[in-house]
Amino acid sequence: MEQTFLAIAVLFGLGLYIILTHQNLIKIAMGIGVMESAIILLFIILSYRPGGTAPILDADAQAYDLIVDPIPQALSLTAIVIGAGTTALMLALIIKIYNRYNTLYIDEIKKLKG
Amino acid sequence: MDTPVLLVVLPLLTAFSLGIIKTFSKKLVKAVTVISATVHLALIISVVREAMQSPIVYHLGDWDNLLGISLVIDSFSAMMALLVGVLSYGVIIYSLVYVDFHELKYYVLSFLLIAGVMGMSLTGDLFNLYVFFEIVSITSYALVAIKEEEASFEGAFKYLVMGMLSGTFVLLAIILTYQVTGALNFAQVAANFGDAPMLVRQTIFVFFLIGFGTKFCLVPLHAWLPDVYCGAPASFNALSSGIVIKASLYAFIRIVFLLFGMTAGIGQILIYWGVITFLVAHTLAYQQESLKRLLGYSSIAQIGYILLAIGLGTESGIIAGSYHIFNDGLMKATLFLGVGIFSYAVGASKIDDLRGLGFSMPKISFAFVIATLAIIGLPPFNGFISKWLILQAAWETEYIVAAFFIPVGSLLSLAYYLKVIKALYSRPEREIEVKPIDWKLRVPTYVLSAACLVMGIIPGLSLALIENIPKFLLDSSNYINLLLGR
């Protein structure tokens, strides 16, 4: 369990590091994606119960005594959808910027602007 | 009655039906926009009047209040709703003439933005708040880029990266809150949150502060705002400064009071951070040449005043802070709409470009000057009343240093706004050709600036609306009982 949290922390840190240090717009977009995935993994890990089943009620619902928490899973779906929307918008913006400046590097864009 | 939910659903519905309407008739788009905005304003006024009698709780889909999402309209939400209603109506009317680029997309995005801000101010559920928060963010990024100029793409990308970071931190704070309380409903979260370990509570506070703080421009997380405002259309600037930033601030204030209560520690952080925020922002504003950047820094400064007032944690502090949220919305909207008219009529974007416009456009300039005087904090305008209330509240609680810096901040803002006023009324170097200005541009500006004056002369009008705000903020059990229907 601890290793998983460590892996999530590393993923989150990596994403943040990429956003803060890289010059390439696409790489910044990728960094944001990595960071978001870390959060979504955190959602899933927090709702996980070892040996639990899916929380689906049916006739013999009594049979389940251990279920995973369904709410974080539902929330992570929403978070994924929001992330997809934002990533799409970001990539669209990058295309527009590339068409205008013919480069993806922040430094060169600043230079072109003078 | 189902009116509360219509406040969110109506703009959402309008946004998505505009595309279909356009395939039938292009002329109908603007008509539907105006009708929907008018109905929306009427609904808001009726709900606010009802909420002033007694607070409203609405359960979406009639689910039990522990399972479903609830909308809670207490005095604070009602004030935000009224602000959203008035400003968005003014801006939509203004946009009918001002916006001549990507019209359909502009209206779709604007209505989504309004729905999101409305949802943020009304919702009683933590995750629902996050969803509306992201709706507001995504539509804002797109609206910044809509003019397709170089400055707007650059601003939008910067905004997007900062916005994504802030969204991630808010999401992290929300999931941690869920983990320690086992609930997302504000009432249950607030009731269970006290049991959480101190370290976790502090972590959650910091995440919320970074997350929402990036959006409401806490110095030093403010750097995106001036760049974003430069490239965005003036109508979006008015909405953003008036309600989008304020909605994040509202969400932060609500969460702090519900989850943590305004303890002395948190209060002091907010008070001194508020003072630093407005001093830094005023100083930076003084160096600006561009009008929109200047107004952007001024927006950041007003956030500082509000944080200071809220951080005091007393009844008078909360009333002063929420009154300043309302007043700053009116003043900033007037200023940005005015700047929009100046750029529409003569293409002015810098302070120097305003030279002589006071003579060629006397009425607009007069309305603009009223709003500048109000935001500096001169009597008899509304900015004076709210800044005076903040000063008084700070004095009462013996934060003398903070109280001392409020008039200092006003002096600083006097210095840079005087540059603007001086440029307006100095003789131009050459004759200025002014485009005729449509009434749809003029009337919203006049009405909002008249509101600045009226709120200053008769503050009782809106103080009646906000006098109950401390009741639900200071004692969170009132809010919990309201939401749980006890």
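Only a predicted model underlies this, so the values are computations on that prediction, with no experimental measurement involved.

A. Structural context of the overall build of chain B. Tallying secondary structure elements over chain B gives 21 helices and two strands in all. Taking 2.2 N^0.38 as the reference for a compact globule, 486 residues should give roughly 23 Å; the C-alpha atoms of chain B span a radius of gyration of 21 Å, in line with that estimate. For chain B, the spread of C-alpha atoms along the three principal axes comes to 70 × 60 × 40 Å. Looking at chain B as a whole, 63% of its 486 residues qualify as buried. Nonlocal contacts in chain B, meaning residues at least 24 apart in sequence, comprise 80% of its contacts between residues at least 6 apart. Of the roughly 17000 Å² of accessible surface on chain B, 65% is carried by carbon and sulfur atoms.

B. Inspection of unusual backbone geometry at higher detail. V219(B) connects to P220(B) through a cis peptide bond whose omega is 10°. Relative to the assigned elements, P220(B) resides in the loop between α8 (198–215) and α9 (224–231). Phi is positive for N102(A), which is not a glycine, with a value near 65°. On the secondary structure map, N102(A) appears in the loop between α3 (70–101) and α4 (106–113). Residue N102(A) is classed as exposed on the basis of its relative accessible area of 59%.

C. Layout of the packing of aromatic side chains. Residues and elements named next belong to chain B. Going through the model one piece at a time under the given rule, you end up with 23 aromatic pairs over all chains. Note on F208 and F212: the rings are 5.9 Å apart at their centroids and 5° apart in plane angle, and the pair reads as stacked. With F208 and F212 both in helix α8, this residue pair falls four residues apart, about one helical turn. Their ring planes at 70° and their centres at 5.3 Å tell us that F342 and F368 sit as a pair that is edge-to-face. With F342 in helix α13 (residues 315–346) and F368 in helix α15 (residues 362–376), this pair connects stretches of sequence that are 26 residues apart. Each residue in the set F193, F205, F216, F252 and F260 is aromatic and connected to the rest through ring pairs, giving one cluster. If you follow K419 out to its NZ or CZ, it ends over the ring of Y286, 4.7 Å from the centre.

D. Focus on helix α17 (residues 400–424) of chain B. All names here are of chain B. Compared with the 36 Å implied by 1.5 Å per residue over 25 residues, the 37 Å span of α17 between its first and last C-alpha is a close match. At Y417, α17 is bent by approximately 25°, the largest bend along its length. Listed in full, the buried residues belonging to α17 are A402, A403, I406, G409, S410, S413, Y416, Y417, V420, I421, A423 and L424. The elements touched by buried residues of α17 are α11 (264–286), α12 (291–312), α13, α14 (357–360), α15 and α16 (382–396).

E. Quick peek at the side chain of E134(B). You can see E134(B) is positioned in helix α5 (residues 126–145). Summary of buried charges: E134(B) has no salt-bridge partner, and the nearest side chain of opposite charge, K215(B), is 5.9 Å away. In this structure E134(B) touches I82(A) and G167(B), once residues within four positions along its chain are discounted.

F. Just the layout of surface pockets, in detail. Taken as a whole, the largest pocket encloses approximately 560 Å³ of empty space. Along the walls of the largest pocket sit 21 residues, with I28(A), I106(A), K110(A), F157(B) and K158(B) positioned nearest its centre. Top contributing element to the lining of the largest pocket by residue count: helix α6 (residues 150–181) of chain B, with eight residues. Here the residues of the lining of the largest pocket sort into 15 nonpolar, two polar and four charged.

G. Local environment of the pattern of salt bridges. All names here are of chain B. Applying the stated criterion to the full structure yields seven salt bridges over all chains. The salt bridge partner of D74 is R254, with a shortest N-O separation of 2.8 Å. In this pair, D74 is assigned in the loop between β2 (70–73) and α3 (75–98) and R254 in helix α10 (residues 234–260), connecting sequence segments 180 residues apart. The salt bridge partner of R293 is D227, with a shortest N-O separation of 3.0 Å. Note that R293 is positioned in helix α12 and D227 in helix α9, a separation of 66 residues in sequence. For R293, a relative accessible area of 23% puts it in the partly exposed group. Put simply, K158, D227 and R293 are held in one network by salt bridges that share partners.

What counts, and where the lines are drawn
Residues numbered from 1 in each chain as written. Chains lettered and ligands numbered in written order. Predicted model: local features only at pLDDT ≥ 70, side-chain atom pairs only at ≥ 80, totals over all residues. Heavy atoms only, no water. Helix = DSSP H or I, 4+ residues; strand = E, 2+ residues; numbered from the N terminus. Rg over C-alpha atoms; globule rule 2.2 N^0.38 Å. Buried < 20%, exposed > 50% of the residue type's maximum accessible area, 1.4 Å probe, protein only. Contact = heavy atoms within 4.5 Å. Areas by Shrake-Rupley, 256 points an atom, 1.4 Å probe, with all protein chains shown as cover. Phe/Tyr/Trp six-rings, centres within 6.5 Å; stacked < 30°, edge-to-face > 60°. Lys NZ or Arg CZ within 6 Å of the ring centre and 35° of its normal. Expected span 1.5 Å × (residues − 1). Bend = angle between axes of the 7 residues up to and from the residue. Lys, Arg positive; Asp, Glu negative; His and termini not counted. Salt bridge = Lys/Arg side-chain N within 4 Å of Asp/Glu carboxyl O. 1 Å grid on protein atoms, 1.4 Å probe; cavity = no way out; pocket = protein on both sides within 12 Å on 5 of 7 lines; lining within 4 Å. Points joined across faces, edges and corners; volume = space filled by probe spheres on them. Nonpolar A, V, L, I, M, F, W, Y, C, P; charged D, E, K, R; others polar.

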